[in-house]
Amino acid sequence: MALPDGPKAPSVWQMLQWIGTPFSFMQSCHRQYGDCFTIQLNRKFGPLVFFSQPEALQVILTNDDAKLFESPGTLNVALEMITGTQSVFGLSGDRHRRARQLLMPPFHGERMRSYGELIREIAEQVMREYGTARPFEAREPMQRISLRIILRAVFGLTDGPRYQELERLIGRLLDGLSNPLNASLLFIPALRQDLGPLSPWGRFIRNRQQIDDLIYQEIADRRRNQPVSKPHAASEPEPVPASRNDILTLLMSARDEAGEALSDAELRDELMTLLIAGHETTATALTWALYWIHLLPPVRQRLLEELESLDDNSDPNTVFRLPYLNAVCSETLRIHPVALLTFGRVTRSRIELAGVTLDPGTTVTGCIYLAHRRKEVFSKPEEFNPDRFLDRHYSPYEFLPFGGGVRRCIGMAFAQFEMKLVLSTVLSRFDLALSGTREVRQRRRGLVSGPSPFKIVKIGARGGVSAGGRVGVSA
Ligand code: HEM
């Protein structure tokens, strides 16, 4: 098969670099081989061709609905060990399209906006759990906030023992994958050996089983308490009881063309997908945003001035539209895209793309990390500069933190909404500062990336301005 040039090292060595030092690996490949290069990870994954030029990304992401490329879920096997085989990640073709149609609406429009007050409330509540003048890991509250939000959206749970257990176990599962050794489990199936509860895989599967048990218990409770179903058209969701607007209720009421409901295993896989995809990524983006805002005083000052222009009754939509807050969130996702790559797409026939010839069956990926560092698009790309998003509009193939095409992130609007409301609440309610002098670097976190640990400290509470509306949380 004709492939663009790339590193010649044995695939096992390339895999180790991809797991341990993905950023320098991508940059050195880019320096040596140019915009388009091929890496070889292992036989199962096969060669993977990287593209980061906007013109090439546009071709890939506007033709991945089977015109020139396919977007097979089978390529996303690395996620299977967490989200199972029936998650939207793993589905292809019509089944994939149907799953997206079902999962998208709760994360958009009115349904999404109905979470606005809750997001502010949770952000304030979690930040109040931290005492003044005692440094803490910046990631911790951001993870708690985003997990609480997604648990509420997915299950309608906000409190109680099952909720607290889920919060603890999911946090532990993902933290467990944050070091390169454990992250290797995702990429190298041969390492998945259960050598007891202290071994990496043994710990992982026991942890996952505990989460599954809780999810299945929740599904069983819901089935027991489900109202008797009324006749309804096949492929139409049953009417959702007004009292419940969470995603589990919605998924349980969905029917396929044959009138069949999702099985417990299918429900489990979709729920796990939303819990994992829906909080880890946003928590990481929020942690990076906190870092840059507190590292660069002029950025924080400008944000505070913008937030002070709001009155106490500003609604979440007004916060969502604040230009500088939007620029800070975008710049955070540009300089540190949480997902380094889009999912793989596969060529359906022989094509010419950005000067290279690709045979049918070649797996290509959009390299978000390198696309966001192109000097001709983003001047001084290593600098955190929100103004670039005020000065110019970037196309969806120049700036693509959420991917694009048929697999574009389902939670894109929700994640941006959540980031803005959490940041505006935290900044306008609390005075924070970075603590310590530890250098903060981007590093692998499981399948995605995130900052190395760093601490922040609460200096005090800010009284006056709210992020738009007072929230009903007592101190
Ligand atoms: C800052 C936060 C987030 C980032 C940076 C992010 C990024 C991404 C990226 C790059 C993709 C792959 C797109 C492609 O291949 O073209 C993706 C897919 C996906 N994301 Fe997100 N995401 C975020 C938040 C969320 C949230 C909040 C949810 C759910 C509520 C979510 C659910 C998903 C799902 C289900 C997919 C798979 C879509 C499919 O296979 O059709 N993500 N995300």
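Above this note sits the structure.
Before going into details, it helps to say that this report is about the structure given with it. (Residues numbered from 1 in each chain as written. Predicted model: local features only at pLDDT ≥ 70, side-chain atom pairs only at ≥ 80, totals over all residues.)

**Things to note about the overall build of the chain**
Broken down by element type, the chain carries 20 helices and 12 strands. Relative to the globule expectation of 23 Å for 475 residues, the C-alpha radius of gyration of the chain, 22 Å, shows essentially globular dimensions. A principal-axis box enclosing the C-alpha atoms of the chain has dimensions of 65 × 60 × 45 Å. Sorting the 475 residues of the chain into buried and exposed places 42% on the buried side. Sequence separation of 24 or more characterises 72% of the internal contacts of the chain that already satisfy a separation of 6 or more. (Helix = DSSP H or I, 4+ residues; strand = E, 2+ residues; numbered from the N terminus. Rg over C-alpha atoms; globule rule 2.2 N^0.38 Å. Buried ≥ 20, exposed ≤ 12 C-beta atoms within 10 Å, placed from the backbone. Contact = placed C-beta atoms within 7 Å.)

**A look at the packing of helix α1 (residues 11-20) against helix α10 (residues 180-187)**
Between α1 and α10, the shortest axis-to-axis distance is 9 Å and the interhelical angle comes to 120°. By the angle between their axes, α1 is oblique relative to α10. As α1 packs across α10, the resulting crossing turns out to be right-handed. Facing Met15, Ile19 and Gly20 of α1, the residues of α10 in contact are Pro180, Ala183, Ser184 and Phe187. (Axes fitted to C-alpha atoms, helices over the stretch in contact; angles between N-to-C directions. Parallel < 35°, antiparallel > 145°, perpendicular 65-115°, else oblique. Left-handed = near helix turned anticlockwise from the far one by under 90°.)

**As for helix α8 (residues 139-155)**
Over its 17 residues, α8 runs 23 Å from end to end, which matches the ideal 24 Å to within 8%, given 1.5 Å per residue. Buried residues dominate α8, accounting for 15 of its 17 residues. (Expected span 1.5 Å × (residues − 1).)

**Observations regarding the sheet that holds strand β5 (residues 345-347)**
The five strands lie next to each other as β1-β2-β8-β5-β3, forming an open sheet whose pairing is mixed. Every interior strand has two partners, whereas the edge strands, β1 (37-40) and β3 (69-70), have only one. Sheet topology places β1 next to strand β2 (residues 47-51); four bridges connect them, and they run antiparallel. Each residue of the ladder has a partner; that of Ile39, found in β2, is Leu48. Contacts from helix α3 (residues 54-62) reach β2, β3, β5 and β8 (363-366), with the element oriented near 115° to β8. (Pairing = 2+ DSSP bridges.)

By themselves, these observations are geometric and do not establish any function.
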